[in-house]
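# Working through the structure, step by step
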Amino acid sequence: MVQLKYIKRVVLALSNSPVYGGQAQLEGVMFGGKEHTITAIRRNDDSIDYYHFKKVQKPILQKLKKIPFVRGVIALIESAGLGSRHMQFSGDRYDVTPGEEAENIEEGGSKLQMILGVAVVGILSFLFGKFAFTLIPVFIADFFSRWIDGKVGQVLLESGIKLLLLLTYLYFISLTPIIKRVFQYHGAEHKVINCYEAGLDITVENVQVQSRLHYRCGSSFMLFTVFVGMFLYFFVPTDPLWLRIVDRILLIPVVLGVSFEVLQATNACRNIPLLRYLGYPGLWLQLLTTREPLDEQVEVAIASFNMLLQVEQKPEIAATLNHD
């Protein structure tokens, strides 16, 4: 009974608190709330520049976001589109001296392309990556079917290959200087969120002592798709190959939807003894996708988060920022 009361308090506290998320950008961090998203980047003159985009609140999407297992797919597609807009901003400006930015909008058509095209490309890239990540292990596992046959062996092999591809990809991109800095900003993003959720003043000192890992991270989600997919694949045939491919494609939204719910559940249970360990595999993966940030990187993350809070309280402030 005591444990049940504790669980109820945790769930109630989480449900009453605003939920903020973010993404690392090139030399910056994006934070998003219910209606607004803000990116802050460090320019090459050491100044901080901001970009604002207001989320499109379509009634049909708001209804879909309330449906378990469906809401995860909608949230991911929306996140891919929003992330592309903000990445476009950071990529265009982070290494350009203020005042010397290229004119991105010469004609009305170019603005339309920027507004619609960037989001579409981001969504398509996300979907292409998911298809490739799902299907490549299928072909590799099938190649070894003469040595490892049977549904159980094939599913385990396929999932193992998928996990190996994920870890290998993350490790090698983390070695590049630009991605290493992005991962530092990823760590800064997590630290700011952890500081906020701990109820502390958001200062560089308070933020830096926080963990660079967070239960609600998209990196954890990527890992959960591997395990959730493996579990679901046991319920569908692996032979013949064409049927296996069709099953994997049809199950992509199911895997994404279930993985999103698993991510939400592990986040809700993170303060509950024993259950908190369910999210540890995702946290371990974040040791690859985050790095300890420098103080100046934390300053950018704090600036982004504080600006988001200001815009939420006074939306008219957004008019003073860069925006579409």
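Parameters at a glance
- Residues numbered from 1 in each chain as written.
- Predicted model: local features only at pLDDT ≥ 70, side-chain atom pairs only at ≥ 80, totals over all residues.
- Heavy atoms only, no water.
- pLDDT = per-residue confidence, 0-100.
- Helix = DSSP H or I, 4+ residues; strand = E, 2+ residues; numbered from the N terminus.
- Contact = heavy atoms within 4.5 Å.
- Buried < 20%, exposed > 50% of the residue type's maximum accessible area, 1.4 Å probe, protein only.
- Pairing = 2+ DSSP bridges.
- Polar contact = N/O pair within 3.5 Å; in protein donor to acceptor, adjacent residues only side chain to side chain.
- Core = buried A, V, L, I, M, F, W, Y, C linked by side-chain atoms within 4.5 Å.

### Some words on the confidence of the model for the chain
- Scored by pLDDT, the chain comes out at a mean of 85, with 86% of its residues at no less than 70.
- Helix 7 (residues 204–208) holds the highest mean pLDDT among the elements of the chain, 97, whereas helix 1 (residues 2–16) holds the lowest, 43.
- Contacts for the low-pLDDT stretch residues 1–15, under 50 throughout, to residues beyond four places or in other chains number 11 contacts.
- Of the regions scoring below 50 in pLDDT, residues 104–116 engages in 11 contacts with residues more than four places distant in sequence or in other chains.

### So, the pairing of strand 2 (residues 28–32)
- Most of strand 2 is tucked away: five of the five residues are buried.
- Because side chains alternate across strand 2, one face comprises the buried residues G28, M30 and G32, and the other comprises V29 and F31, equally buried.
- Two strands pair when backbone bridges link them, and strand 1 (residues 21–25) and strand 2 are joined in this way by five bridges, in the antiparallel orientation. Looking at the pairing, A24 lines up with V29 of strand 2.
- The hairpin formed by strand 1 and strand 2 contains two residues between the paired strands, and E27 there has a positive phi angle of roughly 55°.
- Sheet topology note: the strand 2/strand 3 (residues 36–42) ladder contains five bridges and is antiparallel. Following the sheet pairing, F31 is matched in strand 3 by I38.

### Looking at the environment of H214
- Positionally, H214 belongs in the loop between helix 7 and helix 8 (218–233).
- Note: C-alpha distance between H214 and E189 (25 residues apart in sequence) is 9.6 Å.
- In contact with H214, other than residues within four places in its own chain, are H190, I193, N194, E197, S220, N267, R270, L283 and Q286.
- Side-chain polar atoms of H214 contact the side chain of E197, separated by 3.0 Å.

### Quick word on unusual backbone geometry
- For the peptide bond that leads from D239 to P240, omega is -5°, which places it in the cis range.
- Residue position: P240 is located in the loop between helix 8 and helix 9 (241–268).
- In this structure, D46 is a non-glycine residue whose phi angle is positive, near 80°.
- Within the secondary structure, D46 sits in the loop between strand 3 and strand 4 (48–54).
- Residue L274 is not a glycine yet carries a positive backbone phi of 75°.
- Position of L274 among the secondary structure elements: in the loop between helix 9 and helix 10 (280–289).

### Focus on the nonpolar core
- The biggest cluster of nonpolar side chains holds 29 residues, and the ones touching the most others in it are F31 and V192.
- Within the residue set of this core, elements represented by two or more residues are strand 2, strand 3, helix 6 (177–197), helix 7 and helix 11 (295–313).
- The greatest single-element share of this core, amounting to nine residues, is contributed by helix 11.
- Apart from residues lying up to four places away in sequence, V192 is in contact with F31, I202, V207, A301, I302 and F305.

### Structural notes on the environment of Y50
- Its place among the elements puts Y50 in strand 4.
- Put simply, Y50 and I38 are 12 residues apart on the chain and 6.9 Å apart in space, counted from C-alpha to C-alpha.
- Apart from residues lying up to four places away in sequence, Y50 is in contact with I38, T39, A40, F89, A303, S304, M307, L321 and N322.

### Considering the side chain of E261
- With respect to the helices and strands, E261 occurs in helix 9.
- Under the relative-accessibility criterion, E261 is labelled buried at 13%.

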